Amino acid sequence: MMFALIFLAAGLGLLGLLLVLFLRMGAQPQDRTDAAAATALLAADAALWAQQLGDRIFSPADLEFILKEAPSLRQKLLRERRGIALLWIAQRKDAARAVMRLHRAVARANIALNPGFEFKLAANYFAFLAACALAECLVWLRGPFASRKVVTSLITVGKRMRSLSEELLEGLDPVLLEEIRNR
Amino acid sequence: MNRRFPSEWGKAEKGKILIGFSLFLLEFTLAMVLLTDIAFWLSNVLIALLLIQAFRGKFFAKYVLFFSYLSYVLVVHVVTVYVYSFRPEAYLAFYWYTYFFGAALGYCVIWEIYTHVLRDFPGTARMARCLVGVFLIGVLGAALVNAFNGEASGLVKSVIRFERNLQAVQAILLTLLLILIRYYAIPLGRNLRGLIVGYGFLIGVSVVTLTLRSQFGVAFQLWWQYLQQSSGLITSVIWVPAFWVYVPNPKPDVSIGLDEDYAALTERSYRAIAKARAAILRVF
């Protein structure tokens, strides 16, 4: 039965992909990538600027100031800051898409393409998109200031679990433990 | 009004309903058989039309393997009708010989699709060689494991499962190519797009119907034949307008170039994406 499901998935998956290809028949591929714009995005300072802006958007300093000086404006601040945060995340995604579009347009015609690098880059890119999706969900559900605390807690829990597992593993052979740590 | 619920129906009424339903099933089956025959002959007419147009337009040689496959299918269909009608004792041998050669031609069509799509994109071609290589090694490995385990292979267990496995390999090869086309935004011309959509549809439906046939057995036989012929007809309908005139594939935009090599570009792209991801996660 399991094999039958796998084969059915293979057949239906192909039909689904064909449908996607068919539906996008009218859309012209974006061959004309703006190389200059994407090259600018690759510059290190663009990423640094984005980081500083993100820090400012999600910083609780403005919320603390409003709560102290004008508590009645709290909801308005949260609403507008949520919109700005989502816009910032969307801009990060657009920037990454432009970088990837340029990379793929150059790489597909380059005989020196390295499949290993391509897989690594693709994995990194999809991990980035997943992080953006998670960030958007959190900002929508909890707002830009509260969601910061949730993710910080998640990271703290993860670190705690890691230290716990290391304590449990202390009874193991040290060589084996070192091997596990280095994985 | 004096209405009676089904539970109150008499034997005569229930008998009438049973006879009516049986007649309906019989008529439905006959209609399906007739439609199957119509679909079979209509698809052959469309294939013949397509081959004539390819000769007239002088683009038979542009997709030589594909048109050879179509020619073979047309000839085999016509000869099959003759053998089945007048030489039924030779039908089984004829079917198997022609099936294996047809399957080999099918793989040649897949190869031709790959060649045409990736001709102007050596980077993507290299990626395709890697993916297809890994996949075929996996298939070979699975076949060897089955052989060494002493388990009966698909060929011995069931003819239908063997056909299904052959088609499934083609389906996965096409899927890999579609993923590459989508990821690297490879432009497709009208001919190539029609070829991929039509052949992919044929293979996809074939895998699904063969899987269902092998699961449900003879109960699915009539539906299998109907779906097979229908998918053949739909595929022909896709191919005829796609190949009515020859349209060369669009060339890639060579204006995109950077003054750095591939490795440096990949490294910069990787760092840019990694920094963007860190920026997203850092704010939390």
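Because the structure is a prediction, the values reported are computed rather than measured.

### Topic: the nonpolar core
Residues and elements named next belong to chain B.
Turning to step 1, where the next piece is worked out: The biggest cluster of nonpolar side chains holds 85 residues, and the ones touching the most others in it are Phe67, Val117, Ile196, Tyr199 and Phe243.
Turning to step 2, where the next piece is worked out: The element contributing the most residues to this core is helix 6 (residues 159–183), with eleven residues.
Turning to step 3, where the next piece is worked out: Excluding residues that lie within four positions of it along the chain, Phe243 makes contacts with Leu50, Gln53, Phe59, Tyr63, Phe66, Phe67, Asn191 and Leu195.

### What to know about unusual backbone geometry
All names here are of chain B.
Turning to step 1, where the next piece is worked out: Despite not being glycine, Lys58 shows a phi value in the positive range, around 60°.
Turning to step 2, where the next piece is worked out: The topology assignment puts Lys58 in the loop between helix 1 (11–56) and helix 2 (64–86).
Turning to step 3, where the next piece is worked out: The phi torsion at Ala185 lies on the positive side, around 50°, for a residue other than glycine.
Turning to step 4, where the next piece is worked out: Looking at where Ala185 falls in the secondary structure, it is placed in the loop between helix 6 and helix 7 (190–216).
Turning to step 5, where the next piece is worked out: On the basis of relative accessibility, which here comes to 31%, the residue Ala185 falls in the partly exposed class.

### Re the confidence of the model for chain A
Residues shown with low pLDDT carry predicted positions that ought not to be read at fine detail.
Turning to step 1, where the next piece is worked out: When pLDDT is averaged across chain A, the result is 73; 64% of the residues are at 70 or more.
Turning to step 2, where the next piece is worked out: For chain A, helix 7 (residues 174–181) of chain A is the element with the lowest average pLDDT, namely 55, and helix 1 (residues 2–23) of chain A is the one with the highest, namely 86.

### A word on the interface of chain A and chain B
Turning to step 1, where the next piece is worked out: The partner chain B presents 60 residues to the 66 residues of chain A that form the contact.
Turning to step 2, where the next piece is worked out: Surface buried jointly by chain A and chain B totals about 6,100 Å² across both partners, of which 74% is contributed by carbon and sulfur atoms.
Turning to step 3, where the next piece is worked out: Summed over the shared surface of chain A and chain B, the result is zero salt bridges.
Turning to step 4, where the next piece is worked out: Counting every contact that joins chain A to chain B gives seven residue pairs in polar contact (both at pLDDT 80 or more).
Turning to step 5, where the next piece is worked out: For the side of chain A that touches chain B, the secondary structure elements donating two or more residues are helix 1, helix 2 (35–42), helix 3 (44–58), helix 5 (74–107) and helix 6 (115–169) of chain A.
Turning to step 6, where the next piece is worked out: With 19 residues, helix 6 of chain A is the largest single contributor of residues to the side of chain A that touches chain B.
Turning to step 7, where the next piece is worked out: Grouping the amino acids of the side of chain A that touches chain B by side-chain chemistry returns 45 nonpolar, eleven polar and ten charged.

### Description of the packing of helix 1 of chain B against helix 8 (residues 221–242) of chain B
Residue and element names in this part refer to chain B.
Turning to step 1, where the next piece is worked out: Viewed as axis vectors pointing N to C, helix 1 and helix 8 meet at an angle of 30°, and their least axial separation amounts to 8 Å. Classified by the interaxial angle, the pair formed by helix 1 and helix 8 is roughly parallel. The crossing of helix 1 and helix 8 is left-handed.
Turning to step 2, where the next piece is worked out: Broken down by class, the residue content of the contact of helix 1 with helix 8 amounts to 17 nonpolar, eight polar and no charged.

### Some details on the packing of helix 4 (residues 61–69) of chain A against helix 5 of chain A
Each pair of packed helices gets described by two things: the angle between the helix axes and the distance between those axes.
Residues and elements named next belong to chain A.
Turning to step 1, where the next piece is worked out: Contact geometry for helix 4 and helix 5: axes closest at 10 Å, N-to-C directions at 160°. On the basis of their axis angle, the class for helix 4 and helix 5 is roughly antiparallel. Crossing of helix 4 over helix 5 shows right-handed handedness. Together, Asp62, Leu63, Ile66 and Leu67 of helix 4 and Arg74, Leu77, Leu78 and Arg81 of helix 5 make up the contact between the two elements.
Turning to step 2, where the next piece is worked out: For the contact of helix 4 with helix 5, the residue count by class is five nonpolar, no polar and three charged.

Cut-offs and rules
- Residues numbered from 1 in each chain as written.
- Chains lettered and ligands numbered in written order.
- Predicted model: local features only at pLDDT ≥ 70, side-chain atom pairs only at ≥ 80, totals over all residues.
- Heavy atoms only, no water.
- Core = buried A, V, L, I, M, F, W, Y, C linked by side-chain atoms within 4.5 Å.
- Buried < 20%, exposed > 50% of the residue type's maximum accessible area, 1.4 Å probe, protein only.
- Helix = DSSP H or I, 4+ residues; strand = E, 2+ residues; numbered from the N terminus.
- Contact = heavy atoms within 4.5 Å.
- pLDDT = per-residue confidence, 0-100.
- Buried area = accessible area lost by both parts, 1.4 Å probe.
- Salt bridge = Lys/Arg side-chain N within 4 Å of Asp/Glu carboxyl O.
- Polar contact = N/O pair within 3.5 Å; in protein donor to acceptor, adjacent residues only side chain to side chain.
- Nonpolar A, V, L, I, M, F, W, Y, C, P; charged D, E, K, R; others polar.
- Axes fitted to C-alpha atoms, helices over the stretch in contact; angles between N-to-C directions.
- Parallel < 35°, antiparallel > 145°, perpendicular 65-115°, else oblique.
- Left-handed = near helix turned anticlockwise from the far one by under 90°.

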